[in-house]
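Each chain, written out:
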Amino acid sequence: MDTHTLLSMIVWTVSGSVLLVVLMFVDSLFTRYNDLEELRKGNLAVTTRFVLKLVSQGYILSSSIAASSRLGDALFVSFVSFLLLFALEKAVRLLLAVWGRLDLDHGTQLGKVGYGLLAGALHLIGALIIGAFIQS
């Protein structure tokens, strides 16, 4: 591996990691509870949702990087994909609240693992759909 490739890999990795932290922070602003506080308390439902949310964002970022030859393009596509994922997840949450009378945030905060798993799965499924589009 030459020096240029190694340096590029480092820059892309650091840039992607910073974006991932920012996206996770922004997402936490729209959650009724504090993810990190609930993680410290040992709330398995929140941990499950958080891990699946992190995997989802990582997958989108990975897809964007794999499909892009320029770092700026990859980060921009990842950001737009995050907005799309956020909107999709909120729409499904609203439908679940209306049709199924499920409040995923409240159930997750109460430690109901099924709620956290379902909330995290919404992120993951959305990421798989968006990632397929990015890679096409």
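Preceding this paragraph is the structure being described.
Residues numbered from 1 in each chain as written. Predicted model: local features only at pLDDT ≥ 70, side-chain atom pairs only at ≥ 80, totals over all residues. Heavy atoms only, no water.

Trainee: Residue-level account of empty space enclosed by the protein, with values.
Mentor: Take a probe with the size of a water molecule and roll it over the atoms, and the empty space left behind shows itself. A full pass over the atoms with the stated rule returns one cavity of 30 Å³ or more. Estimates place the volume of the largest cavity at around 30 Å³. Those elements that provide at least two residues to the lining of the largest cavity are helix 1 (3-29) and helix 3 (44-67). Considering each element in turn, the lining of the largest cavity owes the most residues, four residues, to helix 1. In the lining of the largest cavity, the residues fall into five nonpolar, three polar and no charged. (1 Å grid on protein atoms, 1.4 Å probe; cavity = no way out; pocket = protein on both sides within 12 Å on 5 of 7 lines; lining within 4 Å. Points joined across faces, edges and corners; volume = space filled by probe spheres on them. Helix = DSSP H or I, 4+ residues; strand = E, 2+ residues; numbered from the N terminus. Nonpolar A, V, L, I, M, F, W, Y, C, P; charged D, E, K, R; others polar.)

Trainee: Mind laying out the layout of surface pockets, listing which residues take part and the relevant values?
Mentor: There is about 220 Å³ of room inside the largest pocket. As for the largest pocket, its lining consists of Leu-20, Val-21, Met-24, Phe-25, Ser-28, Tyr-33, Asn-34, Asp-35, Leu-36 and Phe-50. Elements supplying a minimum of two residues to the lining of the largest pocket: helix 1 and helix 2 (35-41).

Trainee: Describe the packing of helix 3 against helix 6 (residues 113-135), naming the residues involved and giving the relevant values.
Mentor: For the pair helix 3 and helix 6, the least separation of the axes is 7 Å and the interaxial angle reads 5°. The orientation of helix 3 relative to helix 6 falls into the category roughly parallel. Its residues assigned to classes, the contact of helix 3 with helix 6 comprises 16 nonpolar, nine polar and two charged. (Axes fitted to C-alpha atoms, helices over the stretch in contact; angles between N-to-C directions. Parallel < 35°, antiparallel > 145°, perpendicular 65-115°, else oblique.)

Trainee: Tell me about helix 1, residues and numbers included.
Mentor: Between its first and last C-alpha atoms helix 1 spans 39 Å; for 27 residues at 1.5 Å apiece the expected length is 39 Å, and the two agree. Burial in helix 1 covers these residues: Trp-12, Gly-16, Leu-19, Leu-20, Leu-23, Met-24 and Asp-27. Those residues of helix 1 that are buried are in contact with helix 3, helix 4 (71-99) and helix 6. (Expected span 1.5 Å × (residues − 1). Buried < 20%, exposed > 50% of the residue type's maximum accessible area, 1.4 Å probe, protein only. Contact = heavy atoms within 4.5 Å.)

Trainee: So what's going on with the environment of Gly-107? Which residues, and what values?
Mentor: In this structure, Gly-107 sits in helix 5 (residues 104-109). The exposure class assigned to Gly-107 is buried, which follows from its relative accessible area of 3%. Along the backbone, Gly-107 and Ile-60 are 47 residues apart, and their C-alpha atoms lie at a distance of 27 Å. Among all residues touching Gly-107, those that are not within four sequence positions of it are Lys-112 and Tyr-115.

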